[in-house]
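# A structural walkthrough
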Amino acid sequence: RACVCACVCMFTCVHMGVRAYVYARVILQVVRRLYEQLFVFRSSPSSKLPIHHFIYGVVYYVLEPLTIVAESPLVHDIPAAGVTVSASKACLYVFACMVFAWGFYHQAVCHSILGRLRRADGETKYAVPHGDWFSLVSSPHYLAEFVMYGSLSMFFGTSPRWWLLYGCVLTSLTCTAIKTHRWYKGKFDNYPTSRTAIFPFIL
C-alpha cells in the first residue's frame, strides 16, 4: 500500500512542479512506513491480513494523493517559487511543518517500541508497551497519525474532499484503537488504568 501511494504521489509531483512540497511530506511518510514494515516490525508467520482490509488500504492510498490534487491549495493557493506570501500564511505553513515533524517523530518512536517488543518476546508472546506516548494512550501511533493529518489540514482549509478523507481516517483509527485498548485491558491484569485508548484523558 505504501508503494502504491508513493508511486501515485511521485507521478503527480512530476506534473505539478515546484509547488509539490505537501506531496513530499506524504512520500516521506509512506516511505518510512514501508521501511518499518520491512525492517522494524516482525509479523508472525501465522498472521493474515483480511482481504477487505487489504482492499480498503489500497483504495485509500490511491484516493489520498488524488484528493490532494483535486482539492488542495497545492493547485490553487500555494504560490509558485519566487512569489511572496503574506506573513500570516508563511507562519501558518511553518507551524504546520513543525506539527508534522512532531507527529512524524513520535510515530517513529512508538513503532520502534512496538518492534522491539516483538523482537524481545518472540512471535507469540505479547507484552505491555511502555515509553513515549504509550504512557498516555494505548495506540499512540494512531494519535501521531491524527497529528500529521491535522498539520496537512492547515494547508487545505475548508476543502470538503480533504475533510471527508480526514474523517474516514479519524473514524477508522479511533474504532481500531478502542478495540486495541479493550484487548490490552482483557489480556493484562496489570494494564495501566491511567491510559486511554487514543486521545489522552478523553477516550
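First, a word on scope: everything that follows refers to the structure included in this document. Fair warning: this is a prediction, and the values are worked out from it, not measured in the lab. (Residues numbered from 1 in each chain as written. Predicted model: local features only at pLDDT ≥ 70, side-chain atom pairs only at ≥ 80, totals over all residues. Heavy atoms only, no water.)

## Regarding the overall build of the chain
Worth spelling out the cut-off: Starting at the N terminus, helices and strands are each numbered in turn, a helix being any DSSP run of H or I of at least four residues and a strand any DSSP run of E of at least two. To sort residues, take the accessible area from a 1.4 Å probe on protein chains only and compare it with the maximum for the residue type: under 20% means buried, over 50% means exposed, and anything in between is partly exposed. What makes two residues a contact is simply this: any of their non-hydrogen atoms within 4.5 Å. In short, Shrake-Rupley with a 1.4 Å probe defines the accessible areas, and a residue's cover is counted only from the protein chains shown.
Helix and strand counts for the chain come out as six helices and zero strands. The order of α-helices and β-strands along the chain, N terminus first, is α-α-α-α-α-α. Per-residue burial for the chain yields a buried fraction of 40% across its 203 residues. Relative to all contacts within the chain whose residues are 6 or more apart in sequence, the contacts with residues 24 or more apart total 75%. When the accessible area of the chain is evaluated, it comes to approximately 11500 Å², of which 67% is carbon and sulfur surface.

## As for the packing of aromatic side chains
Cut-off, in case you're wondering: Two rings belonging to Phe, Tyr or Trp (six-membered ring only in the last case) form a pair when the distance between their centres is within 6.5 Å. Interplanar angles under 30 degrees mark stacking, angles over 60 mark edge-to-face geometry, and anything in between is tilted. Put simply, a charge is over a ring when the Lys NZ or the Arg CZ is close to the ring centre, within 6 Å, and near the line of the ring normal, within 35 degrees.
Summed over all chains, the structure comprises 10 aromatic pairs. Ring centres of Phe146 and Phe199 lie 5.6 Å apart, and the angle between their planes is 20°; on these two criteria the pair is classed as stacked. Here Phe146 is found in helix α5 (residues 140–156), whereas its partner Phe199 is found in the segment after α6 (160–187), with 53 residues between them in sequence. We classify Phe146 as buried; its relative accessible area is 5%. Counting every residue linked through ring pairs, the aromatic cluster contains Trp183, Tyr184, Phe188 and Tyr191. For the cation-ring pair, Arg32 lies above Phe104, with the distance from its terminal atom to the ring centre recorded as 4.5 Å.

## Focus: the side chain of Gln29
Put simply, the rule is: Any pair of N or O atoms that falls within 3.5 Å is considered a polar contact. Within protein, one atom must be able to donate a hydrogen and the other to accept it, and sequence-neighbouring residues count only if both atoms are side-chain atoms.
When you line up the elements, Gln29 lands in helix α2 (residues 21–39). For Gln29, the side chain forms a polar contact with the side chain of Gln107, separated by 2.9 Å. In terms of polar contacts, Gln29 uses its side chain to reach the side chain of Glu145, at 3.4 Å. If near-sequence neighbours (up to four positions away) are discounted, Gln29 is found in contact with Phe100, Phe104, Gln107, Glu145 and Met148.

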